[in-house]
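# Structural description and commentary
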Amino acid sequence: MTNYVHSPCQKACGFDPDLGHCRGCLRTGTEIWMWSTLTREQQVAAVDRLKRDKARRRRKRLRRQREREKRQAADA
């Protein structure tokens, strides 16, 4: 087993200071800055949180899309 966890960077960087995280990988500024110094356990915990956050965002986006489609169908 390797001690290194690959960075979750998506190469779509755009830090949003209002939200406090990168729009591409959803890491906080501290996680981005300190990634190479975090322990493996800290990196794994961060990746797990990012996966949960991405899944939550996807569900929210799909829910908004379905609501928009329902409104458009009702207006038609």
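Please refer to the structure placed before this passage.
All of the points below concern the structure found in this document. What you see is a predicted model, and the numbers here were worked out from it, not measured in a lab. (Residues numbered from 1 in each chain as written. Predicted model: local features only at pLDDT ≥ 70, side-chain atom pairs only at ≥ 80, totals over all residues. Heavy atoms only, no water.)

## Considerations on the layout of surface pockets
Remark: the empty space left among the atoms is shown by a probe the size of a water molecule rolled over them. Condition: Computed over the protein atoms alone on a 1 Å grid, cavities are sets of points where a 1.4 Å probe fits but cannot get out and pockets are open sets with protein on both sides within 12 Å along at least five of seven lines; a residue lines them when it has an atom within 4 Å of a point. Grid points are joined across faces, edges and corners, and a volume is the space filled by probe spheres set on the points. Helix and strand assignments follow DSSP, with helices taken as H or I runs no shorter than four residues and strands as E runs no shorter than two, numbered in order from the N terminus. Residues were grouped as follows: Ala, Val, Leu, Ile, Met, Phe, Trp, Tyr, Cys and Pro as nonpolar; Asp, Glu, Lys and Arg as charged; and all remaining residues, including Gly, as polar.
Here the largest pocket defines a volume of roughly 160 Å³. What lines the largest pocket is simply Asp16, Leu19, His21, Arg23, Gly24, Leu26, Lys54, Arg57, Arg58 and Arg61. It is helix H2 (residues 40-75) that contributes the most residues to the lining of the largest pocket, four residues altogether. Its residues assigned to classes, the lining of the largest pocket comprises two nonpolar, two polar and six charged.

## Structural notes on a positive patch on the surface
Spelled out, the test is: Nonpolar side chains (Val, Leu, Ile, Met, Phe, Trp, Tyr) are joined into patches within 5 Å and like charges within 9 Å, using only residues with over 30% relative accessible area and no salt bridge. What sets the accessible areas is the Shrake-Rupley method with a 1.4 Å probe; for residues, cover comes only from the shown protein chains. Here, a salt bridge means any side-chain nitrogen of Lys or Arg that lies within 4 Å of a carboxyl oxygen of Asp or Glu. Counted charges follow a simple rule, with Lys and Arg positive, Asp and Glu negative, and His plus the chain ends left uncounted. Charge positions come from single atoms, namely NZ of Lys, CZ of Arg, CG of Asp or CD of Glu.
On the surface, Arg57, Arg58, Arg59, Lys60, Arg61, Arg63, Arg64, Arg66, Arg68, Lys70 and Arg71 cluster together into a patch of positive charge. Structurally, Lys70 can be placed in helix H2.

## Comments concerning the side chain of Arg27
Here is the rule we go by: Any residue under 20% of the maximum accessible area for its type is buried, any over 50% is exposed, and the rest in between are partly exposed; the area is computed with a 1.4 Å probe on protein chains only. By definition in these notes, contact holds between two residues if any of their heavy atoms fall within 4.5 Å.
Take Arg27: it is sitting in the loop between strand E2 (21-22) and helix H1 (29-34). In this structure, Arg27 is buried with no salt-bridge partner, the nearest side chain bearing the opposite charge being Glu31 at 5.9 Å. Every residue in contact with Arg27, bar those within four places of it in the chain, is listed here: Ser7, Pro8, Cys9, Phe15, Gly20, His21, Cys22, Ile32, Trp35, Arg49 and Leu50.

## Section: the side chain of Glu31
Definition in use: Under this definition, polar contacts are N or O atom pairs within 3.5 Å; protein pairs additionally need one hydrogen-donor-capable and one acceptor-capable atom, and for neighbouring residues in sequence, both atoms have to be side-chain atoms.
Mapped onto the elements, Glu31 comes out in helix H1. Among the polar contacts listed, one links the side chain of Glu31 to the side chain of Arg49, at a separation of 2.5 Å. Leaving out residues up to four positions away in the same chain, Glu31 has contacts with Ala46 and Arg49.

## A look at the packing of aromatic side chains
For clarity, the cut-off: What counts as a ring pair is set by centres within 6.5 Å for rings of Phe, Tyr and Trp (its six-membered ring), and what kind of pair is set by the plane angle: stacked under 30 degrees, edge-to-face over 60, tilted for all other angles. When the NZ atom of lysine or the CZ atom of arginine is within 6 Å of a ring's centre and also within 35 degrees of its normal, the charge is said to sit over that ring.
According to the stated counting rule, one finds zero aromatic pairs in the structure shown. Lying across the ring of Trp35, Arg27 places its NZ or CZ 5.3 Å from the centre.

## With respect to H2
Keep this limit in mind: Each residue after the first adds 1.5 Å to the expected span of a helix.
The terminal C-alpha atoms of H2, which comprises 36 residues, lie 52 Å apart, in line with the 52 Å expected from a rise of 1.5 Å per residue. By the burial criterion, the buried members of H2 are Gln43, Ala46, Val47, Leu50 and Asp53. Tucked inside the fold, the buried residues of H2 contact H1.

## Quick word on the pattern of salt bridges
The final tally for this structure, using the stated rule, is four salt bridges. Across the salt bridge formed by Asp16 and Arg23, the nearest N and O atoms sit 3.2 Å from each other. Arg56 is the salt-bridge partner of Asp53, the closest N and O atoms lying 2.9 Å from each other. On the criterion of helical spacing, the pair formed by Asp53 and Arg56 is a turn pair, its members being three residues apart in helix H2. Judged by relative accessible area, which is 17%, Asp53 ranks as buried. One salt-bridge network, held together by shared partners, links Glu31, Arg49, Asp53 and Arg56.

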